[in-house]
Structure formats: structure tokens, C-alpha cells
Amino acid sequence: MSILGNRVLRKEDPRFLRGEGSYVENLSLESALDVTFVRSPVAHARITGIDASAAEAMPNVQVLTGADVDVEPITPPPPFGVRAGVSRPLVAKDVVRFVGEIVAIVVSQDRVTGADARELVFVDYDPLPVVVDVQDALKDEVLLFPEVGTNVSGTEELQERDEALFDGCDVVVSGKLESQRMAPCPLEPRSAAAEVGPDGRVTAWLSTQAPHGDRQGLAARLGLEPEQIRVIAPDVGGGFGAKTLNVEDVLVVWLSRRFGRPVRWTESRSESMVGLPHGRGQHMSFTIGSDRDGKILAYRLESVADAGAYPALGSFLPHLTLLMSSGVYAIPRIEASSRSVATNTVPTSAFRGAGRPEATQAIERAVDLLAAEVGIDPAEIRRRNFIDTFPHETETGAVYDSGDYEGALDLALRSAGYEELRAEQRRRREEGGSKQLGIGLSTYVEITNGVGETEFGEVEITEDGGAILRTGSFSHGQGHETTFAMIASEQLGIPLERITVVKGDTDAVASGTGTYASKSTQIGGVAARLASDDVVVRAKQIVADYLEASPADIVLDPAFARLHVAGSPAQGLAWEELAERASADGRLAELRAQHEWKADPSFPFGAHVAVVEVDVETGVVELIRHVAVDDAGTLINPLVADGQVHGGVATGVGQAIYERFAYDENGTPMTSTFADYSFPSAADLPSWERVEMVTPTPYNALGVKGIGESGTIGATPAVHNAVLDALAPYGVTHVDMPANGENVWRALQEAK
Amino acid sequence: MRVALTVNGERREADLEPRELLVYFLRNHLGLKGTNVGCDTSSCGACTVLLDGVSVKSCTVLAVQADGREVTTIEGLAEGDELHPIQRAFHEQHALQCGYCTPGFVLASVSLLRETPDPSEEEIRAALDGNLCRCTGYHNIIRAVQAAARAGA
């Protein structure tokens, strides 16, 4: 019987439950120096002087400034499309460009001294004009990089603007949607430590999603060969896209080399809120046109993306937004364009969904507005426009591999009891009380492994007949130690508990890319499977040699973890016996295989139904139900998949009705602690009604797509649409996200 | 200042600066690294421990305030190899992912079920309002507390 598809409890749980997680901050590192960063309290200013004498008068305190750091500013990689001349110094030298930018480094014997010394570093700032709003930034009146001459860091225009795009449409509606800035908020703040060994090699312990990628990045920044660096990512307390190599990590490694001593740094939450990149920040306008039956004929999406003070990955993410702009609908004409601009804010980067939620949020609002204008139910307009043959190439060039969009919608509606909900809504509307019901739909498709990456897997049979699986993928909560072991167990027939998954150490795993873009299982999992298959082939050869048979006649019986001659089970060897004998003969090393698997993107999809109660007198919004159908192909471990969807949905709901990282007009963060930022708690959210649906992809041997971000992508528009659905009788057609009490109340007042 | 307290059943004494927070005393002096720090505003609850059996955020308690009292951290919950029923319920219900918030949630749940042995979903959600998790969406944490309550934890 196959182990795949079973709800297997996680192997990694016990250590976390016992408080034995190996987070970087828990590492004991003898005689390590502590690093404390001095960060700018102003958004845009010229640094005219730094007086560190009082700090350096403290015992064993040294202060370094930008002038001391001989590392070249970081230039975004060419695929990000960032305009030449934009680069980020590790420590600001002459100009600071956002609140939170590092202006000096305090090195001390302990953290308490570092915190005290930081207060004694006096920096003189000569204020420069500040630009926070993207529309203001587009005017290029205040420039972040005057030598570049514009704040626009990247543009993507798919075609000439077609003035006749909506010709022939009976109905045309337009709207705006700001996918507001969010703080990723992994519960573990970042932490980094580094030590130079006697051989000159550096070991860096990083709280990261991508240890191998970080090693490459560190090597490039510091002018070293990758082999001179070992990156260890121990247990990592969440990442959500934001935890890849950041300036602080580079500085910690650089400092360990500069001082020849172990060095460590752990950020505070307040520091993390302005030091870790933010997500989203796209300001979109859309127009959609259809015939009088609601058959969509044309769609235009224009986005201005807030890349923050040092445009990098955040400047690239609109590419994914445009690519996915048509969503699940067959739209014959699409015009999608974007401009990314620099502002005096924390740089933006990937955050759960990374460019795709924005696409879904826009098209799903557009379709709801169109349904209202045409006068048909939101479910019906979706049905009339679904893509229903696969593979399907969209107007923007995405090739959807497989899907069943109507099936997902039907399942979600049935599970939610859509007709009954509409009846209850009508009843409440007729009664006219203050608590009105809103029902919101979202049907989505997203892209995982978006840029078609490669992942590494290696399987090795151990002396005792167990197995080690080394993966270049990484788990910062995703459960690879269980899921990936299941994949190897399925192929090898070796029980799960005898398979150890090794990850997160560049010395222990030959290569890898890490975990982001929901790509782990579809490339890392498939690589693990293929490496397992290779090991079985090698094992058959050895067994054949021992039994003087042909390898073609040897079969693996997974139920008994045994290889034997086909048709005569008595003639064979169990893995333990094979390993023992191969060890004795010096052939154990043959039972080891590596595989690299490169795959094209895949396209998970689904349908969500949200039910909200809106108090139309106070504006208070309560999400009372959320039904989520998320289809990511075959599930290896449905238990883990459930968890991915639950967490994803919570984040999507967070964007819809709770969270916003806000700045005032001076570029001062207004939500830089957990006391100010509305991170939803258990008391703010309902239980989730996840409904499983499985449509395997033909793209890989496991049939798997990615599921890490689906819940987030599907949830936000469903909840946003639900709030607007509740408000429809009051003439409200737009509420900014988060659609919280304040924004809903304002919208209601404006509509009066 | 001199403090003497019981931590996970063991008597501990130390000389401390008055400003030392309980969480840093536990982590740095006693080496109990299971108590995590997730924020600096007493918002996230990752550092939750039991003080005389009641959950507190150890970032909001001075170590000297624990003088003469009894502290239980996540390391003190299991009986040898045997996980506490709430730890077991978290495992069985997949109520943890990255694990960073987990010790705090487990101890807050222990405290909740001591006070309210059979809480409703709403009571559980209200009781855990002071603990934040970014991975699980709370769904399975609620299921775990319910399962532990059913098992009489």
C-alpha cells in the first residue's frame, strides 16, 4: 500500500514541542562578539556627521560606519530589470533613504552593552525632501537616486496601448485596487552568526530559506569562492518569502572576517519591521469589458509598484502580476503594464504570493464589478468565462498546464451552501438590521516554481539499511523531514522512520536553491523521487551480482523492503542484508545517487467562498465562514497540505481585513511594532473549511504542484468581495484594503 | 540582586541586575532556550511560561519578580519520553509548522485548560488572543486544544 496521500504525523514535531528547536539564536558560540545596528530614524537625509566617541568610550565597544565597510554596494541581478545606477550600500555612507536603513555598526562583548552603546552614537542628518506615495514618486520631483534621473526603477509594457481595446464591448467598468504593503512577520526574527575557521573558511549560520543561494550571494559580495563559505540554516522560524540574503547577513559574515572572531546578531521585532523587506505595495487600475451577457472581451491592468528605497526583487514582482493578470478567464484581449518606482520606504520583496495575489485581487474585483453591471450573479459570470481546455496559453503568455476551474467553483459553492447563504442575505436585507451578510467569491489560478528552477536530491543507503535523503530544498515550517522522507520511502520501500532528511547545510548537501515560490515538492520532491529510483536501479544490479541473476529479473517489494528475483521471493535480500553485504564488499558507495530536476512552472487553482457580517452602522467587519477549495495536484501528505492552506488563508484574510504597513507623509513608519501592526490572532479569525480537490499535473512523475501560497492568493479577494457584497445595497462599490471597520465606515459615509 | 526560584522543579539561585527580564534569565543564565522571543511589545506570546502554574509572558516579568516562585518552561512539561497531553495533541493535530510560537501556545493552552477544562471554540480563541502564529492560521491549534480537553488534559 502506498504511503503517499496518507496523513502522516510530522517527524520534526517532537523537538519543537520540547523546546529543542535549533534556531540560530540558540546556537552557543564561545566568545562571540555582538553586533547592534544603528538605524536611521529619518526617511531621507544627507548624513553630515557621525559622532561615536561616547559609544566607543564604553568598555570593549567599537563603532564602524559606512566608510569602514569595504564591500561594494549591492546591485540587483539583471533579471530583476532594475535600471542601471540603482544600488544599495550595506551601510549608508552619504545619504539615508528609508527609516530603518543601517548607518553604523556597534560591535560589543554582549548585547546589553550594544543596545546601550547604540543610544550613544550621534548621527547628524540634513533632511532631504521625502517621497512616500507612488504617484508622487512618479513625478520625479524628489529623486532617490538623482544621478539616475528618475524614480522609475523598472517598466514592463507588453504592447502599445490600444485605444480600441474595448471596442465592441456592451459593458465596460473600471476600478482601482491598492494591494497594500504588508510586513511578512515570521515569528522568529532574523538572526545570523559567523565564524572563521583555522583554514580561513567561514561558517555562517543564517535564518534563511535559501542556504545555497545565500552562499553564492555571500561569495559574490565578499569576493570569495563559494567553497570558502559554509552556510548552515538550522531550524528557521518561518520566512514567507522575506528570509533570503539581506544586507545584515552579509555584514555579519564580513565582520567575522574583519575581527577574526565569531560574531552574532539577532534583530528585535521593531527592527525587523523596518529591516526585513515588505511585501505587496502595488497600486493597480483596471478596466474590463464584455458583451451584454457578461462574456469578457477585453481587460486592461495598469500597476504602479512601490519598490521601496532600494529597488530589487520588488521591482521584478509585477512581472508575475502581469503574467497572471487574466486569472482563470479566457480573455481575448489583454493589455497589462507596470512601472516600479522607488520611494523612501523599506524595500519590497517577496511575501507569500509575491506578485500573484495582486493579479488575482484585481481581476476578481473587476469580474465582480462587471457582474453587477451586467446584472448577473458573481458565480454565473465566472462560469461564462472560465478557461476549460488545457494546456491553455493566455494572452500574456502563461501556459496553464491543467485545471478544472468550474469544478472547483461548484465544489466551493456546494460546500458553502451558496443558495442558502443568498437566501439568508435576502432575509437580512429585507429586515434591514445593522448586521448585513456579505458573500464573496474568488476563483483563482496561480503560478508555482514561477521561473522554472532546478532542485537537487541525493539518496544514499546507509550501512544499517536505512537511507539518507539530501535535498537542496529547505523547510522553515513546511515539513520536508516528513514529506520528502515519504517520497523516498514510497520508492525504496524503506520505512519512514529509517529515512533521514538532510537539508540546510551547504557542506552536507552538494547543491540547491532553497524554498520559495511554492516549488519544493514539484522540483525538490521530484528530484528526491528520481534519485530514489536511481538507487533502486543500482541496488538491483548489486543484488543481481550476488544472486548471479540478471538485474532485469530483480524486483523491489516495497511491502517487505526487500529486493528479490521476480517470481521467487525467497531468492532475495532485504535492504539491511544488502547494505551489510555491500558494506563488507566495499560496494555500499554504489548505493548512492544524485538527481537534479528542472521543471516548468505549474498552475495550481481553486475557489474560495467567504461569508462576512458587516455592521453597517459602525463598519465593523467579521469574517464568519471561509470555504477554501485549493487544488495543487496530487498531495503527498494531506495533513501538511491542510496546514499550508490554513496558514495561507489566514495571511490572505489578514490582507483583506486587518493588515497594512503604514507610513506618514514624512516616511515615518506608523506600524513598526506588533502592538501597532494588526497581525490577526486566533480571536480575529474563524475555523477554515478546507475542501480537498486533486487534479494531478501531467508535468511531473508525482503529479504535484505547489500549495504554499494558494490559500493566500485565493482568500484575499473572496473576503474583499464579501465585504463589498454586503455593502452593495448602500451604493458602495469600493473599499480600500484592509476592509476594516474604519475603511468600511468611511466608504459608507461617502456613499450617503 | 539575589534571586532564588524553582524552575522546572529545580531550585535555582542567581545574582542578577534588577532590569533582567525573566525570559533572558531563563535563556541566558539557565540555558533554557525553548522559550523564544518574538517581539518587544508583549504582543506575540512566544515567550509564555507558567509562573506558579499560570501563563505569563516572560518578556513582561522581571526575573526578580519570580523570586521565591515556581516557573515551568516548555522543557519542564514532558515527563521524560512521555509528552504532555497538550504537546501530544499539538503533534496529532498538526498544530505547529515552524515551531517558533509553539512553546508559548502549548503553555498558554496548559494554563487555559487548568482554568477552563472544557472550553468552547470561542473561549479557546479568546484565551489564545495573546499568542501569535503566522504559519498555521490557528485552525489546528484550536483543534489541538479541543482534543486535549476531550482527553482530559
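What counts, and where the lines are drawn
- Residues numbered from 1 in each chain as written.
- Chains lettered and ligands numbered in written order.
- Predicted model: local features only at pLDDT ≥ 70, side-chain atom pairs only at ≥ 80, totals over all residues.
- Helix = DSSP H or I, 4+ residues; strand = E, 2+ residues; numbered from the N terminus.
- Rg over C-alpha atoms; globule rule 2.2 N^0.38 Å.
- Buried ≥ 20, exposed ≤ 12 C-beta atoms within 10 Å, placed from the backbone.
- Contact = placed C-beta atoms within 7 Å.
- Nonpolar A, V, L, I, M, F, W, Y, C, P; charged D, E, K, R; others polar.
- Pairing = 2+ DSSP bridges.
- Domains from an automatic or database assignment.
- Expected span 1.5 Å × (residues − 1).
- Axes fitted to C-alpha atoms, helices over the stretch in contact; angles between N-to-C directions.
- pLDDT = per-residue confidence, 0-100.
- Core = buried A, V, L, I, M, F, W, Y, C linked by C-beta atoms within 7 Å.

*Asks:* What exactly am I supposed to notice about the overall build of chain A here?
*Replies:* Summing up its helical and strand segments, chain A has 19 helices and 28 strands in all. A compact globule built from 752 residues would reach a C-alpha radius of gyration of about 27 Å, and chain A, at 27 Å, matches this within 12%. Its C-alpha atoms put chain A at 85 × 75 × 50 Å along the principal axes. For chain A, with 752 residues in total, the buried portion stands at 58%. Long-range contacts, defined here as pairs at least 24 residues apart, represent 80% of the contacts in chain A between residues at least 6 apart.

*Asks:* Mind showing me how you'd approach the interface of chain B and chain A here?
*Replies:* A common way to report how large an interface is uses the accessible area buried once the components associate. Tallying the contact residues gives 43 residues for chain B and 42 residues for chain A. Every element with two or more residues in the side of chain B that touches chain A is listed here: α2 (85-92), α3 (102-115), α4 (121-127) and α5 (139-150) of chain B. A breakdown of the residues in the side of chain B that touches chain A according to their chemical character gives 21 nonpolar, 15 polar and seven charged.

*Asks:* Help me out: how do you make sense of the sheet that holds strand β2 (residues 45-51) of chain A in this one?
*Replies:* Strand pairing in a sheet relies on backbone hydrogen bonds, with the paired strands running either antiparallel or parallel. Within the open sheet, the three strands sit side by side as β4-β2-β6 (chain A). Their pairing is antiparallel. The sheet terminates laterally at β4 (95-96) and β6 (122-127) of chain A, the two strands that pair on one side only.

*Asks:* Any chance you could explain the domain arrangement of chain B here in plain terms?
*Replies:* Residue and element names in this part refer to chain B. Under the domain assignment used here, chain B contains domain 1 (2-76) and domain 2 (85-150). Put simply, the middle of domain 1 and the middle of domain 2, counted by C-alpha atoms, are 21 Å apart. Each side of the interface is counted separately: domain 1 has 16 residues, and domain 2 has 13 residues. Taken together, the elements giving at least two residues each to the side of domain 1 that touches domain 2 come down to β3 (48-51) and β4 (54-57). For the side of domain 1 that touches domain 2, the element with the highest residue contribution is β3, accounting for three residues. Of the residues that constitute the side of domain 1 that touches domain 2, the class distribution is seven nonpolar, nine polar and no charged.

*Asks:* What is the right way to read helix α6 (residues 247-259) of chain A from this model?
*Replies:* Owing to its 3.6 residues per turn, the α-helix aligns residues three or four sequence positions apart on the same side. Residues and elements named next belong to chain A. Counted at 1.5 Å a residue, the expected span for α6 with its 13 residues is 18 Å, and the 18 Å between its end C-alpha atoms agrees. Among the 13 residues that make up α6, ten are buried, leaving the element largely enclosed by the rest of the structure. Remark: G260 follows α6 within two positions and exhibits a positive phi of approximately 60 degrees.

*Asks:* What am I meant to see in the sheet that holds strand β9 (residues 191-196) of chain A here?
*Replies:* Residue and element names in this part refer to chain A. Strand order across the open sheet formed by seven strands is β3-β5-β1-β12-β9-β10-β11, with mixed pairing between neighbours. Strands at the two margins of the open sheet, each flanked by one partner only, are β3 (62-65) and β11 (229-232). Within this sheet the neighbouring strands show an average axis-to-axis angle of 20 degrees, counted without direction. In the sheet, strand β1 (residues 33-39) pairs with strand β12 (residues 263-266) via two bridges, with the strands oriented parallel. Bridge pairing in β12 links L33 to V263. Lying on the sheet, helix α3 (residues 111-118) is in contact with β1 and β5 (102-108); it crosses β1 at an angle near 25 degrees. Of the strands in this sheet, β10 (202-206) and β11 touch helix α5 (residues 211-222), which is tilted by about 145 degrees from β11.

*Asks:* It is not clear to me how α2 of chain B should be interpreted in this structure. Could you clarify?
*Replies:* Taken as a whole, α2 of chain B has its buried residues at I86, Q87, R88, A89 and F90 of chain B. Positive phi appears at H94 of chain B, one or two residues downstream of α2 of chain B, with a value of about 50 degrees.

*Asks:* What exactly am I supposed to notice about the confidence of the model for chain B here?
*Replies:* Parts of the model with low pLDDT should not have their predicted coordinates read in detail. Chain-level pLDDT for chain B is 97 on average; 100% of the residues reach the 70-or-more range. Both scores are given for the predicted complex: the pTM is 0.97, the ipTM 0.98.

*Asks:* How should I be thinking about the domain arrangement of chain A in this particular structure?
*Replies:* Residue and element names in this part refer to chain A. We note that the domain assignment places domain 1 (354-449 + 601-751) and domain 2 (454-598) within chain A. In this assembly, 15 residues from domain 1 lie in contact with 15 residues from domain 2. Per-class residue counts for the side of domain 1 that touches domain 2 are six nonpolar, seven polar and two charged.

*Asks:* How should I be thinking about the nonpolar core in this particular structure?
*Replies:* Most often, soluble globular proteins have nonpolar side chains that are buried together. Residues and elements named next belong to chain A. Core analysis: the largest hydrophobic core is formed by 280 residues, its most contacted members being V719 and V723. Looking at which element gives the most residues to this core, the answer is helix α15 (residues 520-547), with eleven residues. Setting aside its immediate chain neighbours within four residues, V723 contacts G438, V612, V614, V621, V735, A739 and V744.

*Asks:* Would you mind going over the pairing of strand β22 (residues 554-557) of chain A with me for this structure?
*Replies:* Consecutive side chains along a regular strand alternate between the two faces of the sheet. All names here are of chain A. Residues I554 and L556 line the buried face of β22, whereas the alternating positions V555 and D557 sit on a face that is not buried. Judged from the four bridges that link them, β22 and strand β23 (residues 562-565) form a sheet pairing that is antiparallel. From the neighbouring strand, V555 faces β23, where its bridge partner is H564. The hairpin formed by β22 and β23 contains four residues between the paired strands, and A561 there has a positive phi angle of roughly 50 degrees.

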